[in-house]
Amino acid sequence: MDYKEVGMSDLTISELSWRLSRIDHHMVRVLAMRVGKGSLSEAVAQAKRSDKKSAVFAIKNPKREEERLAMVETWAKRYGLDPNYAAAVLVGIIAESCKIQAMFMHDHQGDDPSLDLDNPEVVKQYYLDHLLQLTARIAPTYDEQYANDLFGSEAYIQFERGEIAKAIDGLEDTGLALDLGCATGQHALRLGKAFDKVVGYDISPDMLVQAEKAKKAAGANGNVSFNLSDLEFSLPEKDSSVSFVVMSLGTASDIRNLDGLLAEIRRILKPGGRFALSFYNSNSLLAQIGFCPWPVPLAAMVDQDRHCLEVHIGTELFEVYARSYSVAEVRAKLDEQGLSPDKVFTHPTVSSILPDDLFSTELFHDYDEGIKDTRRLGVTTKIHEKPDTTGVKNSLRQLDESLATSPLEQGAYILVIGGK
Ligand SMILES: C[S@@+](CC[C@H](N)C(=O)[O-])C[C@H]1O[C@@H](n2cnc3c(N)ncnc32)[C@H](O)[C@@H]1O
């Protein structure tokens, strides 16, 4: 391929510089997936340790590395890159990967390597510990930062809010509403404007501290309250006493005893009571692709084999229990418990698989100064203005909204609106 063929011959140095910086950014993002914190290299270390059931494992694997180098040289030739150069880059990556694995071994030497992942009770406790650690870590910044700049998750949150607003609009019975897995109470506080009484339940004390703060800051009247409760067991509400139940952002997938919870929702809902429940979709486009070789714009993704949700917070990775379902499974489960869906959406589809740096266009205003800042002081300033990507984001939003009711059912989340 020649640069003229790809339409780059008329570009100015400044236009080319913008393209170069976008490629560089993307390469750094992909490299971070390969050898950064929470990367594939760390996953390899974890897998080797589990395989050997020992804190110590072999880092080097010369045969595999030879194979990998041969593959990269073949691809390099195919795409017009010097194979020696490509091999040299990979040798650097392998060396970094070895370092990551050695650091992992060091950091985990005191852990119990025989953590018995076949023992359901051990696994259950592991996920619960991670959930409480995760929620403690993110609670103070959850409202401002969760899914920040991850346009797939942001798009879903907006979509879900819109559908929940439509679901309660014009409801005749506005008595008691519940927000299950309420976190910082964003939905509960919104529902407080439409219902006489709202109760938010969550297992995380740290989330509930923030929910109380948010309630105070919003000047909400006394009709909204928050309670610590594990939804695996039961819902502390009377039979046929609740008008509306919301469980947003995939939270219905976080509950192991989903059948028990659905039976509880049916018990407490008044006849004609309504619900909005959100799950992770096992047939999503992302699940079908299996693995995207770039970071995708979702804050949380389910590992379907392990029934585990991977939550990325900055460079940290947390693993908590979550199980994804197909639309057919969700329908069957609701049906079994006597709950009737009126509308079933899956969302977002296209926005869930695009690289998360698609819209990041930051440039350093002053190249020399930028470099100096970054290297010497550890800070990056001088961010150039970002070209406006609102139009593109809106087009994607519209596309995903139209796919939300497609029979393909490939959105990352399932949202069911229905009644008893
Ligand atoms: C993905 S967050 C969703 C938060 C909120 N509904 C929203 O839309 O922003 C899931 C929440 O469910 C809570 N949760 C998970 N398992 C739970 C359980 N067994 N009982 C109660 N809350 C639980 C978590 O602590 C967390 O705050």
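Residues numbered from 1 in each chain as written. Predicted model: local features only at pLDDT ≥ 70, side-chain atom pairs only at ≥ 80, totals over all residues. Heavy atoms only, no water.

Let us look at the overall build of the protein chain. In terms of regular secondary structure, the protein chain is built from 14 helices and 10 strands. Relative to its full complement of 420 residues, the protein chain shows a buried share of 42%. Considering only contacts within the protein chain whose residues lie at least 6 apart along the sequence, 75% involve residues at least 24 apart. (Helix = DSSP H or I, 4+ residues; strand = E, 2+ residues; numbered from the N terminus. Buried < 20%, exposed > 50% of the residue type's maximum accessible area, 1.4 Å probe, protein only. Contact = heavy atoms within 4.5 Å.)

As a further point, take the environment of Tyr321. Mapping Tyr321 onto the fold places it in strand S8 (residues 316-321). Residues within four places of Tyr321 in sequence aside, it is in contact with Tyr127, Ser253, Asp254, Ile255, Arg256, His307 and Leu309.

As a further point, take the packing of helix H2 (residues 40-52) against helix H4 (residues 83-107). Interaxial distance between H2 and H4 falls to 9 Å at its minimum, and their mutual angle equals 50 degrees. When the axis of H2 is compared with that of H4, the two are oblique. Of the two elements, H2 crosses H4, and the hand of that crossing is right-handed. Here Ser41, Glu42, Val44, Ala45, Gln46, Lys48 and Arg49 of H2 come into contact with H4, specifically with Ser97, Ile100, Gln101 and Phe104. (Axes fitted to C-alpha atoms, helices over the stretch in contact; angles between N-to-C directions. Parallel < 35°, antiparallel > 145°, perpendicular 65-115°, else oblique. Left-handed = near helix turned anticlockwise from the far one by under 90°.)

An order of S3-S2-S1-S4-S5-S10-S9 is seen for the seven strands of this open sheet, with the pairing classed as mixed. With one partner strand each, in any of the chains shown, strand S3 (224-228) and strand S9 (340-347) form the two edges of the open sheet. Put simply, the sheet's adjacent strands are angled 15 degrees from each other on average, direction ignored. Inspection of the sheet shows strand S4 (residues 242-247) paired to strand S5 (residues 269-280) by five bridges, in the parallel sense. (Pairing = 2+ DSSP bridges.)

All right, on to the site of the ligand then. Taken together, 20 residues sit near the ligand, with Tyr142, Gly181, Asp202, Leu231 and Ser248 positioned nearest. Within the contact set of the ligand, a nitrogen atom lies 2.9 Å away from a backbone nitrogen or oxygen of Leu231. Among the residues forming the shell around the ligand, the class breakdown is nine nonpolar, seven polar and four charged. (Near = heavy atom within 4 Å. Polar contact = N/O pair within 3.5 Å; in protein donor to acceptor, adjacent residues only side chain to side chain. Nonpolar A, V, L, I, M, F, W, Y, C, P; charged D, E, K, R; others polar.)

Strands sit in the order S6-S7-S8 across an open sheet of three strands; the sheet is antiparallel. Two strands lie at the open edges of the sheet, namely strand S6 (300-303) and S8, each paired on one side alone. Here the strands of the sheet are splayed against their neighbours by 25 degrees on average, with no regard to which way each runs. Where strand S7 (residues 308-313) lies against S8, six bridges are found, and the strand directions are antiparallel. Following the sheet pairing, Cys308 is matched in S8 by Tyr321. Against the sheet, helix H5 (residues 120-138) touches S7 and S8, its axis set at about 130 degrees to S8.

On the surface, Met71, Trp75 and Tyr79 cluster together into a nonpolar patch covering about 370 Å² of accessible area. The exposed category is assigned to Tyr79, whose relative accessible area is 63%. (Patch = residues over 30% accessible without salt bridge, like charges linked within 9 Å, V, L, I, M, F, W, Y side chains within 5 Å. Areas by Shrake-Rupley, 256 points an atom, 1.4 Å probe, with all protein chains shown as cover. Salt bridge = Lys/Arg side-chain N within 4 Å of Asp/Glu carboxyl O.)

We now examine the nonpolar core. Side chains of a nonpolar character, in soluble globular proteins, are inclined to be buried together. With 52 residues, the main nonpolar core has Tyr146, Leu191, Phe244 and Leu309 as its most contacted residues. For this core, the leading source of residues is helix H7 (residues 151-168), giving six residues. Once residues lying within four places of it in the same chain are set aside, the contact partners of Leu309 are Asp254, Tyr280, Ala300, Met301, Val302, Phe318, Glu319, Val320, Tyr321 and Ala322. (Core = buried A, V, L, I, M, F, W, Y, C linked by side-chain atoms within 4.5 Å.)

Turning our attention to the packing of helix H1 (residues 13-35) against H4. The interhelical angle for the contact between H1 and H4, taken along N-to-C directions, is 45 degrees, at an axis separation of 9 Å. The orientation of H1 relative to H4 falls into the category oblique. Packed against H1, whose contacting residues are Leu31, Arg34 and Val35, the element H4 presents Leu90, Ile93, Glu96, Ser97 and Ile100 at the interface. Of the residues that constitute the contact of H1 with H4, the class distribution is five nonpolar, one polar and two charged.

Chirality of the crossover, the property in question, places the unit of S4, helix H10 (residues 258-268) and S5 among those that are right-handed. Relative to strand S10 (residues 413-419), S5 is paired through seven bridges, and the arrangement is antiparallel. When the bridges of S10 are listed, Leu277 appears paired with Val416. (Right-handed = clockwise from strand over helix to strand, strands pointing away.)

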